[in-house]
Amino acid sequence: MVSYDDELTMIETFSESDEPISPSKIFQIRDEIFEEGPDMLWGRKIARFFHKYLPGYGANASIDAAWAYFENITLPRRKKDSSGAYIKAKRGESCRLLRRKSGIETGLYPAWTTPMSEFRNFGIGVAVYFETMRALAVICLVAGLLYLPSIMYYDSTSYDETGRSSIEWQLRGSLMCHDTKWVPCPTCTLEDWADSPRRYAIAENNLVFVLANECADIRLREGLQHLVVILFLAIAIFALGFHQKKLELQYDEAILSASDYSIKVDDPPLDATDPDEWKEFFSQFEGAHVTYVTVGLDNEHVVNALIKRRLLLQKLRQLYPSDQVTEVEHEDTTLEDLLAFATKYQPRLARSFIKTEEKCRNLLSPEKTYGTTSIFVTFETESAQRNVLRALSVGHKDILRNNVLALDDPNHAFRGKYVLRVAEASEPSTIRWQDQDETLMIKIGQRLLTSLITFVIVWGGFISVRAAFLKSDTLAAFLIAILNILGPHLFKLVNKLEAHPDEGSWQASLYTKICIFRWINTAIVTTMVTPFMDTIAINGLIAKVDAVLKAEIITQPVVHMLDIWNNIKRHIFAPNAANQEAMNSNFTGSVQHLGDKYTAMTKIIFLCIFYSPIFPASFFLWCFCICS
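These remarks concern the structure in this document. (Residues numbered from 1 in each chain as written. Predicted model: local features only at pLDDT ≥ 70, side-chain atom pairs only at ≥ 80, totals over all residues. Heavy atoms only, no water.)

## Topic: a nonpolar patch on the surface
- A surface patch of nonpolar side chains, about 520 Å² in accessible area, is lined by L452, F455, V456, W459 and I463.
- With respect to the helices and strands, W459 occurs in helix α14 (residues 440-471). (Patch = residues over 30% accessible without salt bridge, like charges linked within 9 Å, V, L, I, M, F, W, Y side chains within 5 Å. Areas by Shrake-Rupley, 256 points an atom, 1.4 Å probe, with all protein chains shown as cover. Salt bridge = Lys/Arg side-chain N within 4 Å of Asp/Glu carboxyl O. Helix = DSSP H or I, 4+ residues; strand = E, 2+ residues; numbered from the N terminus.)

Next comes the structure, spelled out in structure tokens:
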């Protein structure tokens, strides 16, 4: 058991770091180190109830300490700054000892009342996403209000003389026609009505009848209203794009980051691995004081091996019973104990670790050399960064031809003969270090492979949804909702086959795949499986669209709020863990991808716009959906 002084030192160290904290780093911390506040989670209260009344629940470690880890380390917390505004607290600042030392009061972010201004504490992308959600909700509300005269007309006897009382309330403002009549059609054949055989009949005298819609024709007024709405949507979405860029610039200027002072060299010579050489080269530019130089090497397999070793070591530690866990992680005696225990109970895991350990030692041997793939240089001032970018700015063709004469000063050529491709660096936390070494041809091959896999997944979803629509509209609607939840997980696996320089590029690729999948399953397939003559029928296309919208409104928010998998981990797997570290590892939360979140928005607004001429009230449903 470590002392409170040791725990204070550990917490202070964690608070100063922005890197994720693994459960293994704080498995020694007791739950008493964090005071219980009024924002204690209901999950923790439930866990305490189970621990009290269920024998063996959390018997090997402290379930309260794991929940304290979740509330104070995993979940973000906020505090007030000197001006009284809330800012994001550093991890561990809710520690009792740190609170006594600094007087800082922290709390969890409220789920329902967190103001929009505080989302910028989570990064520019998150802040812009929530601003976009709010803007789209307003846009759809205004579009629905512009459609209100058409909605009122469709809900009147002027359009449907039989009345709308037998139609669901949300469909009364649509083109759904309840007023039908069998009329003779001597020239009609069954082949003409093959897609809608229930609208075709032959009387006893062999006279052919077809079921015709008797609702009023669409007036010019409704057509003009639709054009006005489409024009408004085009202008509003175009303006939203400008607003997003403005917000991004505003948030970026409000928060200084390493990328504001850094540049990236994309095409360094393979043997230029000495950071001092790069420091000397960039120090020649006006006002340039080089603070850091990071050399990216072509060692992806080394990084992967080290990551695998760390994961295996974590599994070894989590096997160890709580009464035998040692506080020392890397000493030979501790590793020997872990391997001895694993050899007895998990021999395959022990063999895998030994094999990985040997591979890491071999890859890190002095005889191994790795070429340079990219260089990151951080300057002391923003002006130095801009001066360097301006001095090395040349055309793309000159870079490909290595045209030294294109530079303003020949001394700006690296080693006197290399024209460098230089750009502003991404945020350090967004750089995908393992993907910096891939060549253009490898990336093209990866894109072709993932495009083929994406086509297969999209085609499989299309076939399954079409088959479901043939059986039941409700079944198909919920199948679409389920596919829209599961699809992103498949595409995240597919996207791992692609190399991207940063997370922004990776998210954009993920967004494209999920967007195509969701748009086809949610909107396009519905039209393709519905005969044209059933577009405004009682159980036709409009009813299918309504079923899809309701399924999306119910399924997506409920699944996200229940957080089923993580709750299973916290309430079932964690209490049965062998030690505190293993227990804490079930309280790490889930990764959220903005590409997935944006497609969840765009698929519904695409559905509304696509079907707005026949179902204008869908904009109100989508506004409710996005607010939920």
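## Description of the pattern of salt bridges
- One pass over the structure, following the stated rule, counts 20 salt bridges.
- Here R415 ties to E277 by a salt bridge, and the two come within 2.8 Å at their closest N and O atoms. Taken as a pair, R415 in the loop between α13 (396-401) and β10 (422-424) and E277 in helix α8 (residues 275-282) lie far apart in primary sequence, 138 residues in all.
- The network of salt bridges with shared partners includes R44, R48, D64 and E71.

## Here we look at the sheet that holds strand β7 (residues 262-265)
- Taken in spatial order, the 4 strands line up as β8-β9-β7-β10 in an open sheet, and their pairing is antiparallel. Of all the strands in the sheet, the pair left with one neighbour each is β8 (290-297) and β10. Adjacent strand axes in the sheet meet at a mean angle of 20 degrees when their direction is disregarded.
- Note: β7 against strand β9 (residues 372-379), 4 bridges, orientation antiparallel. Within β9, the position partnered with S262 by the bridge is T378.
- α8 rests against β7, β8 and β9 of the sheet, and its axis sits at about 130 degrees to β8. (Pairing = 2+ DSSP bridges. Axes fitted to C-alpha atoms, helices over the stretch in contact; angles between N-to-C directions. Contact = heavy atoms within 4.5 Å.)

## Examining the packing of helix α17 (residues 541-562) against helix α20 (residues 594-611)
- Relative to each other, α17 and α20 sit at 160 degrees, their axes nearing to 11 Å. When the axes of α17 and α20 are compared, the pair comes out roughly antiparallel. The crossing of α17 and α20 is left-handed. Between α17 and α20, the contacting residues are L541, V545, V548, L549, E552, Q556 and H560 on the first element and K597, K603, I604, L607, C608 and Y611 on the second.
- Partitioning the contact of α17 with α20 into residue classes produces 8 nonpolar, 2 polar and 3 charged. (Parallel < 35°, antiparallel > 145°, perpendicular 65-115°, else oblique. Left-handed = near helix turned anticlockwise from the far one by under 90°. Nonpolar A, V, L, I, M, F, W, Y, C, P; charged D, E, K, R; others polar.)

## Remarks on the nonpolar core
- With 70 residues, the main nonpolar core has Y159, I542, L549, F615 and W622 as its most contacted residues.
- Once residues lying within four places of it in the same chain are set aside, the contact partners of W622 are L136, A137, C140, M601, I604, I605 and C608.
- In this structure, A272, V388, I399 and L420 belong to the second largest nonpolar core, which totals 24 residues. (Core = buried A, V, L, I, M, F, W, Y, C linked by side-chain atoms within 4.5 Å. Buried < 20%, exposed > 50% of the residue type's maximum accessible area, 1.4 Å probe, protein only.)

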